[in-house]
Structure formats: structure tokens, C-alpha cells
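Below are the chains, spelled out letter by letter.
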Amino acid sequence: QFPLYEWLKTTYGEVVGRAPKPWESALAGSLAGGFAAAITTPLDVAKTRIMLSKNPGMNVITMLKRIYREEGAKRLFSGVSPRVTWISIGGFVFFGSFEATKKLVLETMFDS
């Protein structure tokens, strides 16, 4: 999530010819978080299944293969929509707050 956020923010800054505003960075954080959430959903599904299983010693790869074999690839993405929504909102708030605070601190330190 963090490398993608930095890449989105840097690329956007290069395109518009200035540093992104905090709300623009928040959008980059939201996109990065949503993407990361989507591609890691199968790992989250496997982790949850392992935690709820009667065999907690099972590893993630074995559980991923089992879910795929017995239930299909679609099941590996169970809950992807709410997960992406929740983490996208969190990314917007977290990165937006971070960038706004950073801007405020830098302005306060160097404008005095």
C-alpha cells in the first residue's frame, strides 16, 4: 500500500507540476488502500479459515489450495467489496490526515 501510495502521489505531482494537496494525497491513499485490499483478500480469507479451523497448524498456501480446489477461485475473494470499501475509506482518512498534519507542521516550523 505505501509504495503504491508514494508512486501515485509522485506521479500525480509530476503530471500537475506541483506537490499534491492533502485531499489529493488522500485520494491516492484511498486508491492504494483499495487496490492492496483487493489483491490481499485471498490471504485474508485463508487466514480467517485457518483461525476458525480445527487444524490451526495448517499453513496459508495449503489453505489457499484447499479453498480453490473445493470451492473455486471466486470463494477466495469472499467479502472483497466491503473490505475494499472499508480500507479505501481508511486510506483516505489516514493519508489525508497525515499530509494535512505534515503540511501544517512544516508551515508552522518554517514560517516562524
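As a reminder, the structure under discussion sits directly above these lines.
None of the values given here were measured: they were computed from a predicted structure.

Conventions and cut-offs
Residues numbered from 1 in each chain as written. Predicted model: local features only at pLDDT ≥ 70, side-chain atom pairs only at ≥ 80, totals over all residues. Heavy atoms only, no water. Core = buried A, V, L, I, M, F, W, Y, C linked by side-chain atoms within 4.5 Å. Buried < 20%, exposed > 50% of the residue type's maximum accessible area, 1.4 Å probe, protein only. Helix = DSSP H or I, 4+ residues; strand = E, 2+ residues; numbered from the N terminus. Phe/Tyr/Trp six-rings, centres within 6.5 Å; stacked < 30°, edge-to-face > 60°.

K.L.:
What should I look at first to understand the nonpolar core in this one?
P.N.:
A general trend in soluble globular proteins is that nonpolar side chains are found buried together. Ranked by size, the top nonpolar core spans 8 residues in total: Val-45, Ala-46, Ile-50, Met-58, Met-63, Leu-64, Ile-67 and Leu-76. Elements with a contribution of two residues or more to this core: helix H2 (22–52) and helix H3 (60–71).

K.L.:
In this structure, what is going on with the packing of aromatic side chains? I would like to understand it.
P.N.:
The relative placement of two aromatic rings is captured by the distance of their centres and the angle of their planes. Within this structure, the stated rule accounts for 3 aromatic pairs. Considering the side-chain rings of Tyr-5 and Phe-95, the 3.9 Å spacing of their centres and the 25° angle between planes classify their relative orientation as stacked. In this pair, Tyr-5 is assigned in helix H1 (residues 2–16) and Phe-95 in helix H4 (residues 80–111), connecting sequence segments 90 residues apart. The exposure classification of Tyr-5 matches that of Phe-95, with both residues buried. Seen from their ring centres, Phe-94 and Phe-95 are 5.0 Å apart, and the 85° between their planes marks the pair as edge-to-face. What makes Phe-94 partly exposed here is its relative accessible area of 46%.

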